[in-house]
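The chain contents come next:
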Amino acid sequence: MLLGREDEQLALDRLFAQAREGRSGVLALVGEPGIGKTALLEHAAERADGMRILRARGVEPEAVIPFAGLAELLRPVLGALDRIPAPQATALAGALALGPARAQDRFAVGAATLSLLSVCSEEGPLALLIDDAHWLDRSSAETLLFAARRLLADPIALVLTVREGQPSLLDGTDMRTLTIAGLDRSDAAELLSGADVPDDAVERLYLATGGNPLALLELAPQATRLLALPSDAPVPISTSIAGAFLGRFGRLPEPTRRVLVLVAASDSCGLGVLARAASRIGLDLGDLAPSEAAGLVRIDLDRVEFTHPLARSAIFAKASAPERREAHGALAAVLPDRDLDRRAWHLAAASLGPDDRAADALMQAGTRARERSAYAVATATFARAASLCSTDSARGQLLLEAAQAAWLAGDVPRVLELVEETTAQELAPTVAARIDYVRGQVAMRCGPVVAAYPLMVGAAERVADTDPELAVVMLAQAVQGCFYTGDTPAMIAAAERALALANVHGSRRARFFAAMAHGMALVADGQGDAGAASARKAVKILEESDELRGDPGLLAWAALGPLWLREADTGRGLIDQAFELARTNAALGALPNLLHMLARDQATTDQWAAAETSYDEAIGLARETGQRVEMAASLAGLAGLEARRGHEAACREQAAEATRLCDELGIALYGVWATQALGDLELGLGHPASAIEHYEAQIDALRSHGIADVDLSPAPEVVEAFLHLGRDEDAAAVAADFFARASAKGQPWALARATRCLGLLAEADKLERHFEEALRLHERTPDAFETARTRLAYGGCLRRARKRTRARQQLRAAAGTFERLGARHWLQQADAELAATGETARRRDVSTLDQLTPQELRIASLLADGLTTREAAASIFISPKTVEYHLGHVYRKLGIHSRNELAAAFQRSQALPVSNE
């Protein structure tokens, strides 16, 4: 019977009631050892009537076994694997050793777990009960955290217990927690009523333990002795309970104590394994009987378990080092082949000093963990193997493996610790190069970005002869890092070296990386025509290779060519293909970068609503995965989009956060974007003087970093701002310089903007020639907003030239695009120009899509495109029930009732602007 705990019982009852009604919930019970967390979990199991219960328990020795906790939790429902998307089912089966292992993104297993739980909850509500979650292996913990964060509208309740002060999956999250306190005095007295404790000792015992139930029971035999202590004398609970267990342990026969040490060393506690291990060291499991009578262990069918985790840890800590090594050695000798990972760790624990046999076993275990996407476990395994190596060369190789696994696990501090360990080793040149490459990757994604270039270029030179393809990839990434920091000369140097290597030794993959990197460097250097040609070459290589397009390592790079070219058709399908591959394979680690690039593309076409959702998802995933560079990129990009839409507060907030990150990480490029966003905001608001201040700061930053790409120049905006301020001569000078640079690049996007500037400055009899040419160039680009800007400028000039009929055609088209995009301040300008022609502006309705949250808009867009609920859920890593939950909000906000009406609403929002014909 559970004593007291009324508040905790009420919280659990509410959680389960909520789940039965179809709303997910998570509750973590946190408290010190012995406080009653497990008892509450047992009570939860009793109260979860009508719910299917899935249970797991963290066990300290199993923290190094890949997905041990997840396998225990999901074992009863694995028969439903064939009901979730095939790529997810494959990922989960591989992780749980139920199918071929395949290393992939660390979040793929989390997405699969969420889908499996969601599918199973369709048959009835689920109660997930996890005891001692602080001892889950980290791969299981990360998987469950991923799923828990996305539970919303499924009939699923998750209850877990965590020891206070221990690292766990709760760290850094906003999961609901309930701290468990001790029993009150009356409940404590009732608990002690059968323990023969003198009445005058009950209060002293209560004060000493704070009402901790286990401590009360374990210290009850010492109650009389406690009366002799000062009333304020502290009694450390863990130490006292452990001491009580050790008191029982010390009174046992010597053979029983030795067998208990063997049981404490085991992480499986199966009687068959324990019997064979005991026999190897001259013991017999029959010697366990006294420990069972003493209440230290429970023997149940084929297993033996300690009555409390503190008993295990106390007994094992009490054993001498030789006794512990003897126990581990015996277990390693008898474990079957199916337990190779456990055997490896027991071999390691039995070792005294370097042991190459144990190191080799752990290396193989680490490889298996990595192949199952258990990267955190692989990290610990490789690192332990390295500590057992007898040579520097082997140790360095294993530290490299551990650092690479930690990088895949997203554990940047651990990566840095491991690479720092290698500085004391004599490393093989190739190993040293790859370690520097890992350092460079960390710098590229987490800062300082400027440190990435010398690391990657140096690493590339050291592997150029032995692995030229890897060298080219390293050099290409160095080019990208220099683009972030704005170091154009370094971009050119690395790109030319990559091109030289690829031309001599290059595979198709190497030639792609070299061509794309060279194109980026040339464009940044102002050699736009040559850069575009190189980017087109890279796009062609990808388009002609099914193998390369399906390479997960190329996901982000596949989208670069179309973005750098800004052409209406060249390679644009590559963006969608890369994005679809990442979604299908749950490659969440790659998604922040891909989503940022997709959003950038959408924001420079006519898909602004989609761009907002892509940026929002990219920012959320970047925060979750610790990708600060990608977060800065998406914040800066979203600030630019919000500037064009006239969302002043949001723009300023996002630009400020992006700027802080860029300053901290040393990212000049995205800092430039954030500055331009503020200039665009002021220009749209009708504040040309304030806009010029930001644009001049942007120009200074571009100049100081040697970034000559004309596409990054705000010159057209500066021309407009100068003209608004009557500074015609300054505007003409800026326009002439910009036109020359755009002509040198030869790409339609920049040329269209430059030609618009000429039209703004032209005499009345020449303006039409310039604007018509600008519109012709716009037709070769996907940027609807820039086209509308040109039409607005064209219409305004025609009106001032008293050609009102023709002016209205352009202004109506511009207004239609601005309205569709949601560029409200620019729409106001177009309406004002139309009014000046004598046309009464029609009443405009704000798009109801603007009422949707980014998540609602994301879901609505997927469903409007024809995806099923289940397909949409798999695409954005939530459950079908959560999709339906958000869809209900969408229907209410839009005043619709069906998928057909939803598709029609999106079709209206994306209607083509009024034609100029």
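Rules of the game
- Residues numbered from 1 in each chain as written.
- Predicted model: local features only at pLDDT ≥ 70, side-chain atom pairs only at ≥ 80, totals over all residues.
- Heavy atoms only, no water.
- Helix = DSSP H or I, 4+ residues; strand = E, 2+ residues; numbered from the N terminus.
- Rg over C-alpha atoms; globule rule 2.2 N^0.38 Å.
- Buried < 20%, exposed > 50% of the residue type's maximum accessible area, 1.4 Å probe, protein only.
- Contact = heavy atoms within 4.5 Å.
- Areas by Shrake-Rupley, 256 points an atom, 1.4 Å probe, with all protein chains shown as cover.
- Lys, Arg positive; Asp, Glu negative; His and termini not counted.
- Charge placed at Lys NZ, Arg CZ, Asp CG, Glu CD.
- Pairing = 2+ DSSP bridges.
- Axes fitted to C-alpha atoms, helices over the stretch in contact; angles between N-to-C directions.
- Core = buried A, V, L, I, M, F, W, Y, C linked by side-chain atoms within 4.5 Å.
- Left-handed = near helix turned anticlockwise from the far one by under 90°.
- Nonpolar A, V, L, I, M, F, W, Y, C, P; charged D, E, K, R; others polar.
- pLDDT = per-residue confidence, 0-100.
- Salt bridge = Lys/Arg side-chain N within 4 Å of Asp/Glu carboxyl O.
- Parallel < 35°, antiparallel > 145°, perpendicular 65-115°, else oblique.
- Phe/Tyr/Trp six-rings, centres within 6.5 Å; stacked < 30°, edge-to-face > 60°.
- Lys NZ or Arg CZ within 6 Å of the ring centre and 35° of its normal.
- Expected span 1.5 Å × (residues − 1).
- Polar contact = N/O pair within 3.5 Å; in protein donor to acceptor, adjacent residues only side chain to side chain.
- Disulfide = S-S within 2.5 Å.

1. Quick word on the overall build of the protein
Here comes step 1: In terms of regular secondary structure, the protein is built from 48 helices and seven strands.
Here comes step 2: Relative to the compact-globule value of 29 Å for 917 residues, the protein shows a C-alpha radius of gyration of 33 Å, a close match.
Here comes step 3: Taken along the three principal axes of its C-alpha coordinates, the protein extends 110 × 65 × 55 Å.
Here comes step 4: Counting across all 917 residues of the protein, residues that qualify as buried make up 57%.
Here comes step 5: Sequence separation of 24 or more characterises 68% of the internal contacts of the protein that already satisfy a separation of 6 or more.
Here comes step 6: With an accessible surface of roughly 36300 Å², the protein has 51% of that area assigned to carbon and sulfur atoms.
Here comes step 7: A distance of 3 Å separates the average location of the 97 positive side-chain charges in the protein from that of its 121 negative side-chain charges.

2. Notes on unusual backbone geometry
Here comes step 1: Phi angles above zero are rare outside glycine, and Phe-67 is one such case at about 55 degrees.
Here comes step 2: When you line up the elements, Phe-67 lands in the loop between β2 (52–57) and α3 (68–74).
Here comes step 3: Using a relative accessible area of 2% as the deciding quantity, one classes Phe-67 as buried.
Here comes step 4: If you check the backbone angles, Arg-802 has positive phi at about 65 degrees while not being a glycine.
Here comes step 5: Overall, the relative accessible area of 73% leaves Arg-802 in the exposed class.

3. A closer look at the sheet that holds strand β3 (residues 126–131)
Here comes step 1: Sheet architecture is open: five strands sit in the order β2-β3-β4-β1-β5, paired in parallel fashion. Two strands bound the open sheet, and with one partner strand each, they are β2 and β5 (177–179). Looking at each pair of strands side by side, their axes are set apart by 15 degrees on average, direction ignored.
Here comes step 2: In this sheet, strand β4 (residues 156–163) lies alongside strand β1 (residues 25–31) in parallel orientation, the contact comprising seven bridges. By the bridge assignment for β4, Val-26 is matched with Leu-158.
Here comes step 3: Helix-sheet contacts for helix α5 (residues 108–121) involve β2, β3 and β4, and the interaxial angle to β3 is about 135 degrees.

4. Some thoughts on the nonpolar core
A general feature of soluble globular proteins is that nonpolar side chains tend to end up buried together.
Here comes step 1: Among the nonpolar cores identified, the biggest contains 127 residues, and Val-472, Tyr-484, Met-491, Trp-557, Ile-667, Tyr-670 and Phe-818 are the most heavily contacted of them.
Here comes step 2: Here the element with the most residues in this core is helix α24 (residues 468–485); it accounts for twelve residues.
Here comes step 3: Of all hydrophobic cores here, the second largest spans 81 residues; its members include Ala-71, Ala-378, Ala-403 and Val-412.

5. Some details on the packing of helix α37 (residues 688–704) against helix α38 (residues 715–724)
What describes two packed helices is the angle between their axes and the distance between those same axes.
Here comes step 1: Where α37 contacts α38, the axes come no closer than 9 Å and their chain directions differ by 145 degrees. Seen from above, α37 lies across α38 with left-handed handedness. Note on element contacts: α38 touches α37 through Glu-717, Val-718, Ala-721, Phe-722 and His-724, opposite Pro-688, Ile-692, Tyr-695 and Ile-699.
Here comes step 2: Of the residues assigned to the contact of α37 with α38, the class counts are seven nonpolar, one polar and one charged.

6. Considerations on the confidence of the model for the protein
Here comes step 1: Chain-level statistics for the protein give a pLDDT mean of 89 and a share of 93% at 70 or above.
Here comes step 2: Confidence, expressed as mean pLDDT per element, reaches its minimum in the protein at helix α10 (residues 223–227) with 65 and its maximum at β3 with 97.

7. What about the pattern of salt bridges?
Side chains carrying opposite charge are able to pair once their charged atoms draw close together.
Here comes step 1: With the rule as written, the count across this model stands at 56 salt bridges.
Here comes step 2: The residue Lys-893 makes a salt bridge to Glu-856 at a minimum N-O spacing of 2.8 Å. Note that Lys-893 is positioned in helix α47 (residues 880–894) and Glu-856 in helix α45 (residues 854–864), a separation of 37 residues in sequence.
Here comes step 3: For Lys-893, a relative accessible area of 30% puts it in the partly exposed group.
Here comes step 4: According to the relative accessible area criterion, Glu-856 is buried, its value standing at 6%.
Here comes step 5: The network of salt bridges with common partners includes Arg-644, Glu-717, Glu-720, Arg-753, Arg-756, Glu-786 and Arg-789.

8. Digging into the packing of helix α18 (residues 356–371) against helix α19 (residues 375–388)
Here comes step 1: It is at 8 Å that the axes of α18 and α19 come closest, and there the two elements cross at 165 degrees. By the angle class used here, α18 and α19 are roughly antiparallel. At the point where α18 passes α19, the crossing takes the left-handed sense. Listed contacts from α19 to Asp-356, Ala-358, Ala-359, Leu-362, Met-363, Ala-365, Gly-366, Thr-367, Ala-369 and Arg-370 of α18 are Tyr-375, Val-377, Ala-378, Thr-381, Phe-382, Arg-384, Ala-385 and Leu-388.

9. What about the pairing of β1?
Here comes step 1: With seven of its seven residues buried, β1 lies for the most part within the structure.
Here comes step 2: Burial of β1 is two-sided: the residues Gly-25, Leu-27, Leu-29 and Gly-31 facing one way and the residues Val-26, Ala-28 and Val-30 facing the other way are all buried.
Here comes step 3: Examined bridge by bridge, β1 and β5 share three bridges and lie parallel to one another. Bridging across to β5, Ala-28 finds its partner in Thr-177.

10. Overview of the packing of aromatic side chains
Here comes step 1: What the rule picks out here adds up to nine aromatic pairs.
Here comes step 2: Ring centres of Trp-608 and Phe-785 lie 5.3 Å apart, and the angle between their planes is 45 degrees; on these two criteria the pair is classed as tilted. Taken together, the residues span a long stretch of sequence, with Trp-608 in helix α33 (residues 608–625) and Phe-785 in helix α42 (residues 784–800) at a distance of 177 residues. Neither residue differs from the other here; Trp-608 and Phe-785 are each classed as buried.
Here comes step 3: Joined through ring pairs, the aromatic side chains of Trp-608, Phe-785, Phe-818 and Trp-826 make up one cluster.
Here comes step 4: Seen from the ring of Trp-673, Arg-600 lies directly overhead, with NZ or CZ sitting 3.7 Å from the centre.

11. Examining the side chain of Glu-720
Here comes step 1: Among the secondary structure elements, Glu-720 is positioned in helix α38.
Here comes step 2: Among the residues examined, Glu-720 registers a relative accessible area of 11% and is labelled buried.
Here comes step 3: Sequence-distant contacts of Glu-720, that is, excluding residues within four places in its chain, are made with Arg-756, Leu-760, Arg-789 and Trp-826.

12. Observations regarding helix α16 (residues 321–334)
Here comes step 1: The end-to-end C-alpha distance of α16 is 21 Å, a good match for the 20 Å that 14 residues give at a rise of 1.5 Å each.
Here comes step 2: By the burial criterion, the buried members of α16 are Ala-327, His-328, Ala-330, Leu-331, Ala-332 and Val-334.

13. Details of helix α4 (residues 86–95)
Here comes step 1: The element α4 is largely enclosed, with a buried count of seven among its ten residues.
Here comes step 2: Inspection of α4 places Gln-88, Ala-89, Ala-91, Leu-92, Ala-93, Gly-94 and Ala-95 among the buried residues, and these make up the whole buried set.
Here comes step 3: If you follow the buried residues of α4, they end up packed against α3, α5 and α46 (869–875).
Here comes step 4: Looking one or two residues beyond α4, the residue adopting positive phi is Ala-97, at roughly 60 degrees.

14. Some details on the environment of Val-718
Here comes step 1: Of note, Val-718 is situated in helix α38.
Here comes step 2: Considered as a pair, Val-718 and Gly-679 are 39 residues apart in the sequence and their alpha carbons are 9.3 Å apart.
Here comes step 3: The residues contacting Val-718, other than those within four sequence positions of it, are Tyr-695, Ile-699 and Val-734.

15. Things to note about the environment of Leu-207
Here comes step 1: Within the fold, Leu-207 resides in helix α8 (residues 199–209).
Here comes step 2: Overall, the relative accessible area of 48% leaves Leu-207 in the partly exposed class.
Here comes step 3: In the structure, Leu-207 is positioned 700 residues away from Gln-907 in sequence and 70 Å away in space, judged by C-alpha atoms.

16. A look at the side chain of Asp-709
Here comes step 1: Along the chain, Asp-709 turns up in the loop between α37 and α38.
Here comes step 2: In this structure the side chain of Asp-709 is engaged in a polar contact, spanning 3.1 Å, whose partner is the side chain of Lys-745.
Here comes step 3: In contact with Asp-709, other than residues within four places in its own chain, are Val-523, Ala-524, Arg-741 and Lys-745.

17. Examining the environment of Ala-609
Here comes step 1: Examined against the element boundaries, Ala-609 turns out to sit in helix α33.
Here comes step 2: Residue classification places Ala-609 among the partly exposed positions, given a relative accessible area of 27%.

18. Section: the state of the cysteines
Here comes step 1: Enumeration according to the criterion identifies zero disulfides in this entry.
Here comes step 2: Take Cys-757: it sits in no disulfide, and the sulfur closest to it among the cysteines is that of Cys-797, at 11 Å.

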